[in-house]
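Each chain, letter by letter, is given below.
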Amino acid sequence: MNRLLAAVLTTLCAAALAVGAALGIVALLGVTPEQPNTPLISYEQAQQGR
């Protein structure tokens, strides 16, 4: 019975740790500001009216 109890407690602790880590990662991603979507290189468009 002690081994079963230890296995159940270990599983519950591991699941709680995984959920906590996932929520922490999501929270950290939500805090970081979004980067502007500006291209580093821009090419001029060729004139189409030949």
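Before reading further, recall that the structure is shown in the block above.
Model, not experiment: these values are computed from the prediction.

### Focus on the overall build of the protein
Then step 1. When you go through the protein residue by residue, the secondary structure sums to 1 helix and 0 strands.
Then step 2. Oriented by its inertia axes, the alpha-carbon framework of the protein measures out at about 85 × 20 × 15 Å.
Then step 3. Total accessible area on the protein stands at roughly 5400 Å², and carbon and sulfur atoms take up 66% of it.

### Considerations on the environment of Glu34
Then step 1. When you line up the elements, Glu34 lands in the segment after α1 (2-31).
Then step 2. A C-alpha to C-alpha distance of 30 Å links Glu34 and Ala16, two positions 18 residues apart in sequence.

### A closer look at α1
Two residues of an α-helix separated by three or four positions point the same way, owing to the 3.6 residues in each turn.
Then step 1. In this model α1 runs 43 Å from its N-terminal to its C-terminal C-alpha over 30 residues, within 8% of the 44 Å that 1.5 Å per residue would give.
Then step 2. Counting buried positions along α1 yields 0 of 30 residues, so the element is predominantly exposed.

### A short note on a nonpolar patch on the surface
Then step 1. On the surface, a cluster of nonpolar side chains totalling about 650 Å² of accessible area is made up of Met1, Leu4, Leu5, Val8, Leu9 and Leu12.
Then step 2. The residue Met1 is located in the segment before α1 in this model.
Then step 3. Residue classification places Met1 among the exposed residues on the basis of a relative accessible area of 81%.

Thresholds applied
Residues numbered from 1 in each chain as written. Predicted model: local features only at pLDDT ≥ 70, side-chain atom pairs only at ≥ 80, totals over all residues. Heavy atoms only, no water. Helix = DSSP H or I, 4+ residues; strand = E, 2+ residues; numbered from the N terminus. Areas by Shrake-Rupley, 256 points an atom, 1.4 Å probe, with all protein chains shown as cover. Expected span 1.5 Å × (residues − 1). Buried < 20%, exposed > 50% of the residue type's maximum accessible area, 1.4 Å probe, protein only. Patch = residues over 30% accessible without salt bridge, like charges linked within 9 Å, V, L, I, M, F, W, Y side chains within 5 Å. Salt bridge = Lys/Arg side-chain N within 4 Å of Asp/Glu carboxyl O.

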